[in-house]
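Coordinate analysis (summary)
The residues making up each chain are set out below.
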Amino acid sequence: MLILLSAMALPVLGQDISPKEIVRKADEKFNGEKTSTAVMAMTIVRPTWERTIEFKNWTSGREYALTLITAPAKDKGQSFLKRQNEMWSWNPTISRLIKLPPSMMSQGWMGSDYTNDDILKESSVVNDYDHSIIGEEELDGRMCYKIKLVAKEDAAVIWGHQIRWIDKKDFLFLKSELYDEDAYLVRTETGSEIKIMDDRLIPTRIELIPTEEEDQMTIIEIKEIEFNAPIEESFFSQQNMKRVR
Amino acid sequence: MNNLKLAWRNLWRNRRRTLITSASIFFAVFFALVMRSIQLGSYDHMYKNAIESYTGYIQVQHKDFWDEKIVDNTFAYDQHLEQQLLADKNVESTIPRFESFALASNGPQTKGVLVMGVDPEKEKHLSNVSDKMVKYRLSPEAIEKIQLDPDQPEKVKELAVLFENSAYTSNSRLQLDLGIDDKKASELMPAIEAHTASKNGSIHMGEPGVWVGDKLSQYLQLGIGDTIVLISQGYHATTAAGKYEIKGIVKIPLPDIDNKIVYLPLDICQGLFNAEGNLTSLALAVNDNGDKDIAQTVQRISALIPEDQRVMEWREMNEVMVSQMDADDKGGQIMLGILYLVIAFGVFGTVLMLTAERKREFGVLVAIGMQKKKLASIMTMEMLFIGLIGILAGALVASMVILYGVEHPIIFKGETAKIFEEYGMEPKMAFWNIDTYYIWQMVIVAFMVLLSIVYPMRKIFGMKVVNALRA
């Protein structure tokens, strides 16, 4: 009965789903419907050197996020907190809690190609953009929707438009091209090493390649991730930034 | 010889005319020389300040550091290379440095600062930061003590209030600002020094602690013993953050640097930026700093250093200042040109009148048998005498002023000093000692005199005796 139902539902999904719905599903798949707890490693690749930072990340909806650096030793203990539209950073070496101004949102996080905005997900790919399907393409043997996201006039986003490739079957972001207001390609992100993590199929390796910089990229690897485990709102507090392990 | 005697006597026949003409030449020479001396002196002073308190004459750097001053563009401090550099005959010592930018904060006060990691001992060969430590300060407490001191005259008390919070690296400047003359200094200064003394400590390699610029400390409202927090990006995009105790406050003569500098011991600074063992620059103290010596030294050193490093000299490193000075120099030369033009017309005017006045005299002389050639040569000698008197007198008086000025540069105080500092200059007007520029000014003025002789010559040779006699 179940099989029959899902077999009937599938073609319906395939045809009638709106582009916004596709993006929402993919976004939720990655960030969790309610919360997510992850252990990740970020490798910054530069022409003459590379460096890996390990961190833990807790999120609750779009409003709350907390990130704690766990390695290397020099950076360990630094934490970043997002509550609604505000972001703080805590540095244990100098015992200072610093509020990051909105002007710093587009700056690199921990020296990587990711911006503070990317890490904190200030803007929403679902609500801040108008979506349209512009085609279907095969990527790594997977059929993808090719969706164009155009930033809404009044949305506080740093991209002019985006093109995202979303897996048709599993709703995975496999590739994204991000363009600025002048429609120049600024960076490309690709998702690979698709694995089952906490019963979900997700890409566990994301490569970010800035267009302008040669031999430069940032790789994020998801080592562990847990979705929708209950996290109290009080977890995302300034006090907890200093305590969390 | 006779001609010479005649010319000399002619000069003093109309004393006033001679003196006025000489005086105009005197002033031309005097002003030109003093102006030039102050100009050259100020440039030299500013260069020296910039070089000696900051860049040094020569630096070895990572090849990309100058264009992109980030801590990734640093090089390993190599003892072997250092030995090779020290072997150069013009290199007196090498001064390792690690400089970068950081955000400094004290509670709500935050400011972008220049962080300099230095070896305080080695730095003595170049910038001598320890000499720039603030020794006296007219803090509100110090002023109160002066106010309550019954021995201090009212004037000193008034001036002390005017200079509230000023910092001094020497007692002579403090004495000047408080309007105490040398005679009373021995009587009044010891008490004032005791009231205003500032307790500065040193920074040492291996010990966390910083020196901050006087203006910066005032902006951040930090004093000795307080803690300053520094945040920046370190080597390979690590986080650089640290808090340090302020050991001392230094007053750098360049206000632009003074309001943003923080000195750290070299190794502590390298640790802060996670770049242990690396340098942003290796400054060289040299024995001879003439342009030619520097150029030759740069050439020799360039051959020694590895490919990823480069040698820079002070002109390149102070490009903005050098071009600023060049522009100012051109402006000064134009001013001199205008001065010369005015004086030249003055001299020519006098000569014109002189020739017209003596037309009849010339006519009579030629009529009674004097050769025009002889008359012309006497006239020339007269003019040369006038010129010589003016030039020599001008040079003599200017020399006295300049020689005094070299020893006692003009130091501005009070409001004027503040205006200078707002423009980023030290409130000091230095003189440049007597040098080749002297000869040039004198040659130019002499040339002006020679040019104005042309007119009487033409008059004499073109003279119609009959007409001249009737004049």
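Residues numbered from 1 in each chain as written. Chains lettered and ligands numbered in written order. Predicted model: local features only at pLDDT ≥ 70, side-chain atom pairs only at ≥ 80, totals over all residues.

The helix and strand tally for chain B stands at 18 helices and 15 strands. A compact globule built from 471 residues should have a C-alpha radius of gyration of about 23 Å, whereas chain B, at 31 Å, is more than 25% larger. Seen through its C-alpha atoms, chain B measures out along the principal axes to roughly 100 × 65 × 35 Å. Sequence-distant contacts in chain B: of pairs separated by 6 or more residues, those separated by 24 or more amount to 79%. (Helix = DSSP H or I, 4+ residues; strand = E, 2+ residues; numbered from the N terminus. Rg over C-alpha atoms; globule rule 2.2 N^0.38 Å. Contact = placed C-beta atoms within 7 Å.)

To continue, consider the overall build of chain A. Helix and strand content of chain A: four helices and 13 strands. The C-alpha radius of gyration of chain A comes to 18 Å, within 12% of the 18 Å expected for a compact globule of 245 residues. If one aligns the C-alpha atoms of chain A with their principal axes, the spans along those axes are about 60 × 45 × 35 Å. A separation of at least 24 residues holds for 44% of the contacts in chain A among residues at least 6 apart in sequence.

Before going further, it helps to examine the interface of chain B and chain A. Taken together, the contact between chain B and chain A spans eleven residues of the former and twelve residues of the latter. Counting only elements with at least two residues in the side of chain B that touches chain A, the list comes to strand S8 (227–233) and strand S9 (239–250) of chain B. Broken down by element, the residue count for the side of chain B that touches chain A peaks at four residues, all from S9(B). Its residues assigned to classes, the side of chain B that touches chain A comprises four nonpolar, six polar and one charged. (Nonpolar A, V, L, I, M, F, W, Y, C, P; charged D, E, K, R; others polar.)

So, on to the domain arrangement of chain B. Residue and element names in this part refer to chain B. We note that the domain assignment places domain 1 (2–49 + 321–470) and domain 2 (57–317) within chain B. For domain 1 versus domain 2, the separation of C-alpha centres amounts to 46 Å. Of the residues lining the interface, eight residues belong to domain 1; the matching set on domain 2 comes to eight residues. In the side of domain 1 that touches domain 2, the residues fall into two nonpolar, three polar and three charged. (Domains from an automatic or database assignment.)

Let us now look at the confidence of the model for chain A. With 91% of its residues at a pLDDT of at least 70, chain A reaches an overall mean of 84. Segment residues 1–14 of chain A: pLDDT under 50, and zero contacts once partners within four positions in sequence are set aside and those in other chains are kept. (pLDDT = per-residue confidence, 0-100.)

Moving on, we get to the pairing of strand S1 (residues 35–45) of chain A. Each regular strand displays side chains that alternate between the two surfaces of the sheet. All names here are of chain A. Sheet analysis places S1 next to strand S2 (residues 50–60), joined by eleven bridges and oriented antiparallel. Paired with Ala38 across the strands is Asn57, a residue of S2. Hairpin connection from S1 to S2: four residues lie between these consecutive antiparallel strands. The pairing of S1 with strand S13 (residues 217–227) spans ten bridges and is classified as antiparallel. Residue pairing for S13: Met40 is matched across the bridge by Ile222. (Pairing = 2+ DSSP bridges.)

Further remarks concern the confidence of the model for chain B. Regions with low pLDDT carry predicted coordinates that are not meant to be interpreted in detail. The predicted model of chain B averages 86 in pLDDT, with 99% of residues at 70 or higher. Confidence scores differ between elements of chain B, with helix H16 (residues 414–422) of chain B showing the lowest mean pLDDT of 72 and strand S10 (residues 261–265) of chain B the highest of 94.

Looking now at the nonpolar core. Residues and elements named next belong to chain B. Counting 75 residues, the largest nonpolar core has Val115, Val210, Val212, Ile228, Leu230, Val262 and Tyr263 as the members making the most contacts within it. When residues in this core are grouped by element, the largest group, six residues, is from S9. Not counting residues within four places of it along the chain, the set of residues in contact with Val212 comprises Ser217, Leu222, Ile228, Ile246, Ile249 and Val262. Grouped together as the second largest cluster of nonpolar side chains are 29 residues, Ile25, Ile343, Ala344 and Ala395 included. (Core = buried A, V, L, I, M, F, W, Y, C linked by C-beta atoms within 7 Å. Buried ≥ 20, exposed ≤ 12 C-beta atoms within 10 Å, placed from the backbone.)

The next subject is the pairing of strand S3 (residues 91–106) of chain B. Residues and elements named next belong to chain B. In the sheet, S3 pairs with strand S12 (residues 281–286) via six bridges, with the strands oriented antiparallel. Pairing of Thr94 across the sheet is with Leu284, part of S12. Between S3 and strand S4 (residues 109–118), which pair antiparallel in sequence order, lie two residues; one of them, Gly107, sits at a positive phi of approximately 55 degrees. Strand direction decides the pairing type here: S3 and S8, joined by three bridges, are antiparallel. Bridged to Leu103 within S8 is Ile231.

A few words on the packing of helix H13 (residues 319–357) of chain B against helix H17 (residues 436–461) of chain B. Residues and elements named next belong to chain B. Where H13 contacts H17, the axes come no closer than 9 Å and their chain directions differ by 30 degrees. One finds that H13 runs roughly parallel with respect to H17. Crossing angle aside, the handedness with which H13 passes H17 is right-handed. Along the contact surface, H13 presents Tyr340, Ile343, Ala344, Val347, Phe348, Val351, Leu352 and Thr355, while H17 presents Ile444, Met448, Val449, Ser452, Tyr455, Pro456 and Lys459. Here the contact of H13 with H17 is built from residues that sort into twelve nonpolar, two polar and one charged. (Axes fitted to C-alpha atoms, helices over the stretch in contact; angles between N-to-C directions. Parallel < 35°, antiparallel > 145°, perpendicular 65-115°, else oblique. Left-handed = near helix turned anticlockwise from the far one by under 90°.)

Residues and elements named next belong to chain B. Following the sequence through the fold, Leu33 ends up in helix H2 (residues 15–55). Classification of Leu33 as buried rests on a count of 24 C-beta atoms within 10 Å. With 81 residues separating them along the chain, Leu33 and Leu114 place their C-alpha atoms 40 Å apart. Once residues lying within four places of it in the same chain are set aside, the contact partners of Leu33 are Gly394, Ala395, Ala398, Tyr438 and Gln441.

A few words now on the packing of H2(B) against H17(B). All names here are of chain B. Contact geometry of H2 with H17 gives a least axis separation of 10 Å together with a crossing angle of 155 degrees. Classified by the angle their axes make, H2 and H17 are roughly antiparallel. Relative to H17, H2 is oriented so that their crossing is right-handed. Between H2, through Ile25, Ala28, Val29, Ala32, Leu33, Arg36 and Leu40, and H17, the contact on the second element is made entirely by Tyr437, Tyr438, Gln441, Met442, Val445 and Val449. Tallied by class, residues from the contact of H2 with H17 come to eleven nonpolar, one polar and one charged.

The next thing to look at is unusual backbone geometry. Residue and element names in this part refer to chain A. Of note, the amide linkage connecting Ala71 to Pro72 takes the cis form, showing an omega dihedral of 0 degrees. When you line up the elements, Pro72 lands in the loop between strand S3 (64–71) and strand S4 (79–83). Even without being glycine, Asp198 reaches a positive phi, approximately 50 degrees. With respect to the helices, strands and loops of the structure, Asp198 is situated in the loop between strand S11 (185–197) and strand S12 (200–210). Since 15 C-beta atoms lie within 10 Å of it, Asp198 is described here as partly exposed.

Moving on: the environment of B:Tyr244. All names here are of chain B. Here Tyr244 lies in strand S9. In this structure Tyr244 comes out as buried when scored by C-beta crowding, with 24 C-beta atoms within 10 Å. Taking C-alpha positions, Tyr244 is 6.3 Å from Pro208, a pair spaced 36 residues apart along the chain. Leaving out residues up to four positions away in the same chain, Tyr244 has contacts with Pro208, Gly209, Val210, Thr227 and Ile228.

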